[in-house]
There are 2 protein chains.
Amino acid sequence: MSEHPSPAPHSKVDDLANRLFFRLYQSANLMHKSGTKALEDMHITTQQWAVIGALARDGAEDGIAVGELTRFLMVSRQNLTGVLARLERDGLIERVVSPHDSRSRLIRLSSHGRHLWRTDMSDRISAFYEAALEGFSTTDKIHAIHYLDKLLDNMRQLDEGQGES
Amino acid sequence: MSEHPSPAPHSKVDDLANRLFFRLYQSANLMHKSGTKALEDMHITTQQWAVIGALARDGAEDGIAVGELTRFLMVSRQNLTGVLARLERDGLIERVVSPHDSRSRLIRLSSHGRHLWRTDMSDRISAFYEAALEGFSTTDKIHAIHYLDKLLDNMRQLDEGQGES
DNA sequence: GATTTTATGTCAAGTAGTTGTCATTTATTT
DNA sequence: AAATAAATGACAACTACTTGACATAAAATC
């Protein structure tokens, strides 16, 4: 029947899954490259953008603990330490001791960081989003978010299971 | 009318776009973390996985030029050099001079690399895909791929425009 | 044949990500 | 009060990603 008598593969890898994850890999690479380029004259990378964006959310005015940030951004504490050090060096964030728990240093935007986020960064980011999501309807965006959320949920479960060592 | 008389934002950033890119950021981080963990006993990272997967495709048996690989994987030549050096060090790939263009070194899987891909790696990757895409129907996968493709197209255009410096 | 373009390698500096380990401080629990 | 747990900082080692710059070799063009 088959035109290509392939030599009985072990467990044929799902081609659609393969494509999906490869597209995710490519998309993330390109997002970091072109996203960082969109903010390059401010010397802000996509990772710093993610941190500043997290700190600019409503409810984060008084600061967020490092541990909370690592969970939110899904990066390691040691990595975030480096990113935060550079942001502090550049005067965009500041560390304050938590009033409730003096082990915990809360990270919050400096006034300079908040100002930059609200003006120049917002403008560039809006332009970036508009260009990158050209042709996306509102429902397209919602559906895309939904798929990524589902993927995240699954991988989170997988990661917890893998952590049992 | 508005319950929250917000102080006239410069250009209100699209919240859906924001969520979408943040989910992409998180998904990529988690994919690298849990994907690398799925192959950790082979000491293969997701980037190496991507390279090996590219080399294992039909038509790549005779090797792929480095430049072609950088375009395919969307990473820089300098970065790929390092990844390829580690893969060569571990005996998974080999470099051969192109018969057509002796500037060009073609990268191809070693027999060890090909064997590993077809057996252990395939098994782990299939298991990873199955867990990470639990609850995804075939059409879900196709739609998700479609959105990522669209995003990639847009960002590629953006990147080319940004490159005009 | 000489020039230009192309493919690659290499070195450097910077950022970002991982794990692992050890120390410190403080909260919590006993 | 003492032991434990938790949050953080500070290292180290490694992988991976970027850009920029310079060198080399070979192909393509003039």
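Model, not experiment: these values are computed from the prediction.

1. Here's the deal with the domain arrangement of chain A
Step number 1: According to the domain assignment, chain A consists of domain 1 (32-133) and domain 2 (135-164).
Step number 2: For domain 1 of chain A versus domain 2 of chain A, the distance between C-alpha centres works out to 22 Å.

2. With respect to empty space enclosed by the protein
Regions of empty space are outlined by a rolling probe, equal in size to a water molecule, passed over the atoms.
Step number 1: If you walk through the whole model with that rule in mind, you get one cavity of 30 Å³ or more.
Step number 2: Forming the walls of the largest cavity are Leu20(A), Leu133(A), Phe136(A), Ala144(A), Tyr147(A), Leu148(A), Leu151(A), Leu20(B), Ala144(B), Tyr147(B), Leu148(B) and Leu151(B).
Step number 3: Of the residues in the lining of the largest cavity, the class split is 12 nonpolar, no polar and no charged.

3. Regarding unusual backbone geometry
Step number 1: At His43(A), a position not held by glycine, the phi torsion is positive, near 55 degrees.
Step number 2: Phi angles above zero are rare outside glycine, and Met74(B) is one such case at about 60 degrees.
Step number 3: Relative to the helices and strands, Met74(B) is located in the loop between helix H3 (66-73) and helix H4 (77-89).

4. Digging into the protein's contact with DNA strand D
Step number 1: The environment of DNA strand D is formed by 26 residues, the closest being Arg77(A), Thr45(B), Gln47(B), Ser76(B) and Arg86(B).
Step number 2: In DNA strand D, the atoms that sit within 4 Å of the protein are 62% sugar and phosphate, with bases accounting for the remainder.
Step number 3: Between Val66(A) and DNA strand D, the recorded distance is 3.2 Å, taken from a backbone N or O atom to a phosphate oxygen.
Step number 4: In this structure, a phosphate oxygen belonging to DNA strand D sits 3.2 Å away from a side-chain N or O atom of Arg95(A).
Step number 5: Elements with a contribution of two residues or more to the surface near DNA strand D: helix H1 (15-38), helix H3 (66-73) and helix H4 (77-89) of chain A together with helix H2 (46-55) and H4 of chain B.
Step number 6: Tallied by class, the residues present in the surface near DNA strand D amount to six nonpolar, 10 polar and 10 charged.

The rules behind these values
- Residues numbered from 1 in each chain as written.
- Chains lettered and ligands numbered in written order.
- Predicted model: local features only at pLDDT ≥ 70, side-chain atom pairs only at ≥ 80, totals over all residues.
- Heavy atoms only, no water.
- Domains from an automatic or database assignment.
- 1 Å grid on protein atoms, 1.4 Å probe; cavity = no way out; pocket = protein on both sides within 12 Å on 5 of 7 lines; lining within 4 Å.
- Points joined across faces, edges and corners; volume = space filled by probe spheres on them.
- Nonpolar A, V, L, I, M, F, W, Y, C, P; charged D, E, K, R; others polar.
- Helix = DSSP H or I, 4+ residues; strand = E, 2+ residues; numbered from the N terminus.
- Near = heavy atom within 4 Å.
- Polar contact = N/O pair within 3.5 Å; in protein donor to acceptor, adjacent residues only side chain to side chain.

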